[in-house]
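Letter by letter, the chains look like this.
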Amino acid sequence: TPDETRLLTLGKFELVNIGGMSIGRATYQPGWKWSTHVGPGLGMSRCSVEHVGLVLAGVATAAFDDGTVVELRAGEHFYIPPAPHDSWVVGNEPYVSLHFAGAQEYAK
């Protein structure tokens, strides 16, 4: 059971606080996009949170303003630096990932 759940359009971000850490689990449905479903509620067009995590299911991308695009696939670890980026689900399957850094600040 998460300690906190941040409900988003087409998704949710669940937080568990353990051993002085916050670990997050992101679950996003097909069609979810950060700049459409998270950013407007925060008054932002891009996310600037640093992310370190592991993809459990599905595929998503993180796209930076300099044109760099990082694909996030099931079974892969990822690092997204704290530079402005957008992100979206790719394909028709839900995307699920664990976040070991940046969880406390995400979607807040």
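Below is a short write-up of the structure.

### Remarks on the overall build of the protein
Regarding its fold elements, the protein presents two helices and nine strands. Listing every helix and strand of the protein by position from the N terminus yields β-β-β-α-α-β-β-β-β-β-β. The C-alpha radius of gyration of the protein comes to 13 Å, within 12% of the 13 Å expected for a compact globule of 108 residues. Within the protein, buried positions represent 40% of all 108 residues. Of the roughly 5600 Å² of accessible surface on the protein, 55% is carried by carbon and sulfur atoms. Side-chain charges in the protein split into 7 positive and 11 negative, and the spacing between the mean points of these groups amounts to 5 Å.

### Digging into the sheet that holds strand E3 (residues 21-28)
What the six strands build is an open sheet, ordered E1-E2-E3-E9-E4-E7; its pairing is antiparallel. Strands at the two margins of the open sheet, each flanked by one partner only, are strand E1 (4-8) and strand E7 (77-80). In this sheet, adjacent strand axes meet at a mean angle of 25 degrees when their direction is disregarded. Here strand E4 (residues 51-57) runs beside strand E9 (residues 95-101); their pairing, made up of five bridges, is antiparallel. Looking at the pairing, Val-52 lines up with Ala-101 of E9.

### With respect to the nonpolar core
If you look at the biggest cluster of nonpolar residues, it comprises 22 residues, and the most contacted ones within it are Phe-13, Tyr-28, Trp-32, Val-38, Leu-72, Tyr-95 and Tyr-106. Sorting the residues of this core by element identifies strand E2 (11-18), E3, strand E5 (59-64) and E7 as the ones contributing at least two each. Once residues lying within four places of it in the same chain are set aside, the contact partners of Tyr-28 are Leu-8, Leu-10, Gly-11, Lys-12, Phe-13, Val-89, Pro-94, Tyr-95 and Tyr-106.

### Quick look at the pairing of strand E6 (residues 69-73)
Of the pairings in the sheet, the one linking E5 to E6 comprises five bridges and is antiparallel in character. Counterpart to Val-59 in the pairing with E6 is Arg-73. Where E5 folds back onto E6 in an antiparallel hairpin, the turn is made up of four residues, including Gly-67, whose phi is positive at roughly 100 degrees.

Parameters at a glance
- Residues numbered from 1 in each chain as written.
- Predicted model: local features only at pLDDT ≥ 70, side-chain atom pairs only at ≥ 80, totals over all residues.
- Heavy atoms only, no water.
- Helix = DSSP H or I, 4+ residues; strand = E, 2+ residues; numbered from the N terminus.
- Rg over C-alpha atoms; globule rule 2.2 N^0.38 Å.
- Buried < 20%, exposed > 50% of the residue type's maximum accessible area, 1.4 Å probe, protein only.
- Areas by Shrake-Rupley, 256 points an atom, 1.4 Å probe, with all protein chains shown as cover.
- Lys, Arg positive; Asp, Glu negative; His and termini not counted.
- Charge placed at Lys NZ, Arg CZ, Asp CG, Glu CD.
- Pairing = 2+ DSSP bridges.
- Axes fitted to C-alpha atoms, helices over the stretch in contact; angles between N-to-C directions.
- Core = buried A, V, L, I, M, F, W, Y, C linked by side-chain atoms within 4.5 Å.
- Contact = heavy atoms within 4.5 Å.

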